[in-house]
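Inside the fold
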Amino acid sequence: MLIPADLILDGMVEFPQVGDHVEYALTFVEHEPGIPPEMRNDLTARVEVRGDGRLSREWVDPAGRTHPGTYSLLLHGRGWGWGAALHSSTLYHGTVQVTGSLSADFPALVPEQARVRAAVTGRRLVSHTSWPDANGHCSGGGIHTFGPVREGQNGFATGTVPESPIIESSGSCINLIPPPEGPWTQEVGVLVELRIIAG
């Protein structure tokens, strides 16, 4: 499962070390075909519908993309001992097969039943590379690559560069942006292998 960089940088979880005993709040994110095999999970699960089965409102992100409303669901698997939250534009019922990826999430956003206690048995650094579109924005697509975690690593490379011309605002702050030309490679998290701890 993926431990996103922002979850670690915000101090919600520690940078995972092999052998650590951890507890994560889980979200399952559905994906289109083409998800890297390293990040793919195929789950058969019983669906619990939450929030009275109401569809949330659509919303527009800062990049101007419209996101459809979703249903709040909870996935339970036979013998898992854990659950995973799912926000889907499809209202599932009963037992379903879903494809996507498991990810740690902010505990306040995930119901108590969507937790896992486990030992970390392996880890890989996940980087994402994208290329600017005609408007110079690196806003979609791209590829994921996987590599070793560096010795002593406890943060992530953003791959951003100073905005040109450099405009210092509020003291010594410099605005950092994705490179306007060429690829943008950023470290987006750590992919961990877990051994579930019962109880």
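Residues numbered from 1 in each chain as written. Predicted model: local features only at pLDDT ≥ 70, side-chain atom pairs only at ≥ 80, totals over all residues. Heavy atoms only, no water.

This next bit is on the overall build of the protein chain. Across its full length, the protein chain holds one helix and 15 strands. Overall, the C-alpha framework of the protein chain stretches about 55 × 40 × 35 Å when taken along its three principal axes. Total accessible area on the protein chain stands at roughly 11,900 Å², and carbon and sulfur atoms take up 51% of it. Seen as two clouds, the 13 positive and the 22 negative side-chain charges of the protein chain have centres 10 Å apart. (Helix = DSSP H or I, 4+ residues; strand = E, 2+ residues; numbered from the N terminus. Areas by Shrake-Rupley, 256 points an atom, 1.4 Å probe, with all protein chains shown as cover. Lys, Arg positive; Asp, Glu negative; His and termini not counted. Charge placed at Lys NZ, Arg CZ, Asp CG, Glu CD.)

Scanning the entire structure with this criterion turns up two aromatic pairs. Aromatic side chains phenylalanine 15 and phenylalanine 156 sit 5.4 Å apart centroid to centroid with 25 degrees between the ring planes, which places their arrangement in the stacked category. In this pair, phenylalanine 15 sits in the loop between helix 1 (5-9) and strand 2 (21-30) while phenylalanine 156 sits in the loop between strand 10 (143-147) and strand 11 (161-162), placing the two residues 141 residues apart along the sequence. For phenylalanine 15, a relative accessible area of 8% corresponds to the buried category. Summarising the aromatic geometry, the rings of tryptophan 80 and tryptophan 82 are spaced 4.2 Å apart at their centres and angled 15 degrees between planes, so their arrangement reads as stacked. Tryptophan 82 carries the same exposure label as tryptophan 80, and that label is buried. (Phe/Tyr/Trp six-rings, centres within 6.5 Å; stacked < 30°, edge-to-face > 60°. Buried < 20%, exposed > 50% of the residue type's maximum accessible area, 1.4 Å probe, protein only.)

Next up on the list: unusual backbone geometry. Most peptide bonds take the trans configuration, and most residues that are not glycine carry a negative phi. In the Ramachandran plot, aspartate 52 falls in the positive-phi region, its phi being about 60 degrees despite a non-glycine side chain. Summarising the element assignment, aspartate 52 is placed in the loop between strand 3 (41-49) and strand 4 (59-60).

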